[in-house]
Amino acid sequence: IDEVQIHLEKFSLPKSQKGIIIEGAGGCLVPLNESDFVIDLVPKFNSEIILVADLYLGSINHTLLTVNLLRARKYPVKGIVFNGEPNLESDQIILHHSKYNCLLRVTKEAEITREIIKQYATKLKKNWNE
């Protein structure tokens, strides 16, 4: 639509890479161009993955398909962040079959404040090394 051509070889990270997050919005198999996908950023930047799973009808299937893709490519996964309304049954099924750690559960907030961000950061930090 915007007539923009995306070329994976032209992607680069800022000079100060400490703590940088590369968001692959939409999923691992979202195309960047005719031959590359979001997942192709992982080996380019030697990245570790944090898998984000929304909980909706079909999310178990979608998440476990992504897990299988990541395993097939032998990409390193730090863990899973569950996003949205809690569904502990779905969480447990995904965690059981993926064998990944739950890093964080993020729910819809009426307002994003410094305190809310601090609460999530504290929870993430606690789960990061487990």
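Residues numbered from 1 in each chain as written. Predicted model: local features only at pLDDT ≥ 70, side-chain atom pairs only at ≥ 80, totals over all residues. Heavy atoms only, no water.

A. How the structure looks around helix α2 (residues 59-72). Counted at 1.5 Å a residue, the expected span for α2 with its 14 residues is 20 Å, and the 20 Å between its end C-alpha atoms agrees. Contact partners of the buried residues in α2: β1 (49-54), β2 (77-83) and α3 (88-98). (Helix = DSSP H or I, 4+ residues; strand = E, 2+ residues; numbered from the N terminus. Expected span 1.5 Å × (residues − 1). Contact = heavy atoms within 4.5 Å.)

B. A look at the confidence of the model for the chain. On average, residues of the chain score 91 in pLDDT, and 99% of them reach the 70 mark or higher. Looking across the chain, the model is least confident in helix α1 (residues 41-45), with a mean pLDDT of 91, and most confident in α2, with 96. (pLDDT = per-residue confidence, 0-100.)

C. Structural view of empty space enclosed by the protein. Going through the model one piece at a time under the given rule, you end up with one cavity of 30 Å³ or more. Its boundaries defined by the atoms lining it, the largest cavity holds a volume of some 30 Å³. Lining the largest cavity we find Leu 55, Phe 82, Gly 84, Pro 86, Asp 91, Arg 105 and Val 106. Partitioning the lining of the largest cavity into residue classes produces four nonpolar, one polar and two charged. (1 Å grid on protein atoms, 1.4 Å probe; cavity = no way out; pocket = protein on both sides within 12 Å on 5 of 7 lines; lining within 4 Å. Points joined across faces, edges and corners; volume = space filled by probe spheres on them. Nonpolar A, V, L, I, M, F, W, Y, C, P; charged D, E, K, R; others polar.)

D. Representation of the side chain of Ser 59. Its location among the elements puts Ser 59 in helix α2. Apart from the residues lying within four places of it in its own chain, the contact partners of Ser 59 are Asp 54 and Ile 94.

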